[in-house]
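Structural overview
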Amino acid sequence: LKSTDSATSARKLVASTTDALKIFTLPEVDMELEYPLERGPLMMSPVDEFLGRPSRAVWREARPRDVKATLLIDTSGSMAQPQPGMSVSPNEMAQVLAFVLTNSFFNHNEARQRLGFDPAEFEVATFDVESRTLIDHESVRKKDFRRERFIYDMMHAIHAQGRDTK
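My aim in this report is to walk through the structure given alongside it, one point at a time. Quantities reported herein were computed from a predicted structural model and do not represent experimental measurements.

Concerning the side chain of S89
Relative to the elements of secondary structure, S89 occurs in the loop between β4 (68-74) and α3 (90-114). Once you skip the residues sitting within four places of it in the chain, S89 turns out to touch M79, A80, Q81 and P82.

In structure tokens:
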């Protein structure tokens, strides 16, 4: 593949993953029904009302779900060698996955902030003999956080190391 083909494919994958995240964390409509409640202007279940169980509802402004996600990447020596029948190593697949997911979370957080909501919190960490966190939940909230620098550093940090455990 040419470099431009790879970049186009990566952009499409990031865009579709960003869109998929909306299902979990961004409301699709402006209002949502809160039910069941003890009190409220809407009676949703006459049977529950008669039996004295919560049966009322109220319309409220929809809010995104609070999210904390962690991507934990194995960088042990066993990740260095391609599996039989594969042309790329598990480590290279982990790099692509980390690139796509972090870009998708960044895009998603930009959309949340444009709507006036707090960002979804996520972190990326590697584990092997010397585990380390590359980005933590608090870093995502900082205004001076540099997306490009983080992705550059992350891609260099995700490499198989240590001894192969096979």
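Re the packing of aromatic side chains
Counted according to the given criterion, the structure contains three aromatic pairs. Pairing F106 with F122 gives two aromatic rings, centres 5.4 Å apart and planes at 75°, and the pair type is edge-to-face. In this pair, F106 is assigned in helix α3 and F122 in strand β5 (residues 121-127), connecting sequence segments 16 residues apart. Residue class for F122 comes out buried when judged on its relative accessible area of 2%. A ring pair is formed by F106 and F150, whose centres lie 6.1 Å apart and whose planes are at 75°; its orientation type is edge-to-face. With F106 in helix α3 and F150 in helix α5 (residues 147-157), this pair connects stretches of sequence that are 44 residues apart. Across the pair, exposure class does not vary: F106 and F150 are buried alike.

Observations concerning the side chain of T17
Relative to the helices and strands, T17 resides in helix α1 (residues 3-25). Apart from the residues lying within four places of it in its own chain, the contact partners of T17 are V100, L101 and S104.

Topic: unusual backbone geometry
Going from Y35 to P36, the amide bond is cis rather than trans, its omega being 0°. Here P36 shows up in strand β1 (residues 31-37).

Some thoughts on the sheet that holds strand β3 (residues 56-61)
Taken in spatial order, the three strands of this open sheet run β1-β3-β2, and their pairing is antiparallel. Of all strands in the sheet, those bounded by a partner on one side alone are β1 and β2 (42-43). Judged from the five bridges that link them, β1 and β3 form a sheet pairing that is antiparallel. Following the sheet pairing, L37 is matched in β3 by R56.

The rules we used
- Along each chain, residue indices are assigned from 1 in the same order as the chain's sequence is written.
- For this predicted model, a pLDDT threshold of at least 70 governs which residues receive local features, and a threshold of 80 or more governs which side-chain atom pairs are given and counted, while totals over whole chains, interfaces and linings are taken from all residues.
- Hydrogen atoms and water are omitted, and side-chain values are computed over all heavy atoms in the structure.
- By definition, any uninterrupted DSSP run of H or I lasting at least four residues is a helix, any uninterrupted run of E lasting at least two residues is a strand, and each is numbered from the N terminus.
- Any pair of residues with heavy atoms lying within 4.5 Å of one another is described as a contacting pair.
- In this analysis, rings of Phe, Tyr and Trp, with Trp reduced to its six-membered ring, are considered paired at centre separations within 6.5 Å, and the interplanar angle assigns stacked below 30 degrees, edge-to-face beyond 60, and tilted for intermediate values.
- For every residue, the accessible area obtained with a 1.4 Å probe (protein chains only) is divided by the maximum for its type, and the residue is called buried under 20%, exposed over 50%, and partly exposed between those limits.
- Think of it this way: DSSP has to see at least two bridges between two strands before they count as a pair.

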